[in-house]
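Listed below, chain by chain, are the residues.
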Amino acid sequence: MRELTYVAKRTVEWREAPDPKLQSGGEAIVAPVAATSCDVDSSILAGHGFIDPPFALGHECVARVVETGDAVTAVAPGDLVVVPWSINCGTCERCRAGLTAHCTAVPYMAMYGAPIGGSWGGLFSDLVRVPYADAMLVPLPAGLDPVAMASASDNWSLAWRLVAPHLKARPGARVLVVARGSIGLYVCDIARALGASEVLYVDPDPEHRTLARAFGAATAEALEPVPQGYDIAVEATGRVDQLGLAVKSLIPEGICESAGNHFRPGELPLLDMYLTGVTLRIARDNVRAHIPDALELAASGKVAPEKVVSHVIGWEDLPTALPEKHLKPVFVRADD
């Protein structure tokens with residue numbers, strides 16, 4: 001089989017690798033049918049990552065189950081499934097608590113798409129081994145388009161988690177979104193669908209702002225702090241200065257969720273945060289715990305994740321098309 005391999009800044013190539021084999025009765029082999037790049041992949045391709053190449057890339061996809069072990073009961077060959085980005089067993093204490101990104105059954109930070117916590121391959125591969133099939137794989141609900149939901153492995157489900165629980169606790173909250181990519185746009189769509197009274201989307205890209213307005217958000221090219229302006233702030237830029245502006249715009253005891261990959265250091269306005277009283281969360285998402293709820297919202301008809309898909313591109317074009325700057329390209333198999 002082939003796996004798409006990151007080899008240098010803005011350079012990826014197909015490399016041959018052995019076909020994955022089942023190693024236990026609880027495993028599955030899947031074939032991605034619609035895979036997409038995460039916002040962090042864009043940072044890696046731009047040369048801002050902290051892991052030296054080469055390594056297999058990709059951690060967001062909908063796949064078709066090819067083979068299952070004898071002990072697998074949740075999925076069967078032929079099923080379309082969402083493959084979460086992190087490797088998790090589903091049975092350790094942390095997994096049972098929903099902390100699937102911190103599973104103790106595998107090396108710390110084990111994931112697809114980067115050789116952290118072992119080498120698990122990437123989801124831009126012809127075939128992928130899933131070590132805990134019943135715990136990890138989530139069947140795609142009937143009627144949902146694999147292209148629209150290619151990001152359910154991470155960004156779509158992460159966006160749900162960034163705002164949905166907070167809007168349930170604070171109905172009608174005002175939401176600030178400071179973003180540069182797909183996560184922020186998904187947040188706009190989800191926040192409006194779940195009853196946010198106001199959404200402001202901040203992004204220098206005019207095409208992104210146009211899409212945010214289609215989701216019912218007000219937009220701005222740059223952010224000037226709005227003291228005590230918003231109940232919830234979501235930062236998805238990876239820029240500490242933007243995170244600082246977001247937290248300075250919160251009401252007393254407001255909540256800020258940072259989904260940016262902060263590869264670069266910076267300073268936060270800690271005194272302002274102390275005086276206002278804010279809750280700040282910076283974290284990789286425990287995405288497996290949120291995928292079912294995020295898919296349920298997608299199936300409700302209240303949201304339109306397909307609008308964030310900027311390009312649908314053939315699988316064979318991955319090496320040339322992935323390094324190009326697209327908002328949310330989805331790469332599909334010709335026979336699916």
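Located above this text is the structure these notes cover.
Residues numbered from 1 in each chain as written. Predicted model: local features only at pLDDT ≥ 70, side-chain atom pairs only at ≥ 80, totals over all residues. Heavy atoms only, no water.

*Asks:* Tell me about unusual backbone geometry, residues and numbers included.
*Replies:* The phi angle of most residues is negative, glycine excepted, and most peptide bonds adopt the trans form. Between Pro-53 and Pro-54 the backbone carries a cis peptide bond, its omega angle lying at 5°. Looking at the secondary structure, you find Pro-54 in the loop between helix 1 (39–45) and strand 4 (55–56). One non-glycine residue, Glu-253, adopts positive backbone phi at about 65°. Mapped onto the fold, Glu-253 is located in strand 13 (residues 250–258). (Helix = DSSP H or I, 4+ residues; strand = E, 2+ residues; numbered from the N terminus.)

*Asks:* Mind laying out a nonpolar patch on the surface, listing which residues take part and the relevant values?
*Replies:* There is a patch of nonpolar side chains on the surface, built from Leu-271, Tyr-274 and Leu-275 and spanning about 420 Å² of accessible area. With relative accessibility at 62%, the residue Leu-275 sits in the exposed group. (Patch = residues over 30% accessible without salt bridge, like charges linked within 9 Å, V, L, I, M, F, W, Y side chains within 5 Å. Areas by Shrake-Rupley, 256 points an atom, 1.4 Å probe, with all protein chains shown as cover. Salt bridge = Lys/Arg side-chain N within 4 Å of Asp/Glu carboxyl O. Buried < 20%, exposed > 50% of the residue type's maximum accessible area, 1.4 Å probe, protein only.)

*Asks:* So, the pattern of salt bridges: which residues are in play, and what are the values?
*Replies:* Inspection of every chain in the model, using the stated rule, returns 10 salt bridges. Asp-285 serves as the salt-bridge partner of Arg-161, at 2.9 Å between the closest nitrogen and oxygen. Residue Arg-161 is located in helix 4 (residues 155–169), and its partner Asp-285 is located in the loop between strand 14 (278–282) and helix 9 (291–299); the two are separated by 124 residues in the primary sequence. Summarising the burial analysis for this pair, Arg-161 and Asp-285 share the class buried. Overlapping salt bridges bring together Arg-2, Asp-126, Glu-316 and Arg-333 as one network.

*Asks:* Describe the layout of surface pockets, naming the residues involved and giving the relevant values.
*Replies:* What the largest pocket holds in volume is close to 880 Å³. In terms of lining residues, the largest pocket is bounded by 35 residues, among which Asp-39, Ser-42, Ser-43, Arg-180 and Gly-181 are the most central. For the lining of the largest pocket, the leading source of residues is helix 1, giving six residues. Class assignment for the residues of the lining of the largest pocket results in 11 nonpolar, 14 polar and 10 charged. The wall of the second largest pocket is formed by 30 residues, among which Val-40, Met-111, Asn-261, Phe-263 and Arg-284 lie closest to the centre. Elements that contribute at least two residues to the lining of the second largest pocket include exactly helix 1 and helix 4. A total of four residues in the lining of the second largest pocket trace back to one element, the largest contributor, which is helix 1. Looking at the lining of the second largest pocket residue by residue, the class counts come to 17 nonpolar, eight polar and five charged. (1 Å grid on protein atoms, 1.4 Å probe; cavity = no way out; pocket = protein on both sides within 12 Å on 5 of 7 lines; lining within 4 Å. Points joined across faces, edges and corners; volume = space filled by probe spheres on them. Nonpolar A, V, L, I, M, F, W, Y, C, P; charged D, E, K, R; others polar.)

*Asks:* Can you tell me about the packing of aromatic side chains, naming the residues and giving the values?
*Replies:* Summed over the entire model, instances satisfying the criterion amount to four aromatic pairs. Ring centres of Trp-14 and Trp-315 lie 6.3 Å apart, and the angle between their planes is 40°; on these two criteria the pair is classed as tilted. Of this pair, Trp-14 sits in strand 2 (residues 11–16) while Trp-315 sits in the loop between strand 15 (311–314) and helix 10 (318–321), placing them 301 residues apart in sequence. Considering the side-chain rings of Trp-156 and Tyr-186, the 5.3 Å spacing of their centres and the 90° angle between planes classify their relative orientation as edge-to-face. Here Trp-156 is found in helix 4, whereas its partner Tyr-186 is found in helix 5 (residues 182–193), with 30 residues between them in sequence. Note on accessibility: Trp-156 and Tyr-186 belong to one class, buried. Residue placement shows Arg-2 over the ring face of Trp-14; its charged tip is 4.1 Å from the ring centre. Here Arg-284 stacks its cationic end above the ring of Tyr-108, 5.8 Å away from the centre of that ring. (Phe/Tyr/Trp six-rings, centres within 6.5 Å; stacked < 30°, edge-to-face > 60°. Lys NZ or Arg CZ within 6 Å of the ring centre and 35° of its normal.)

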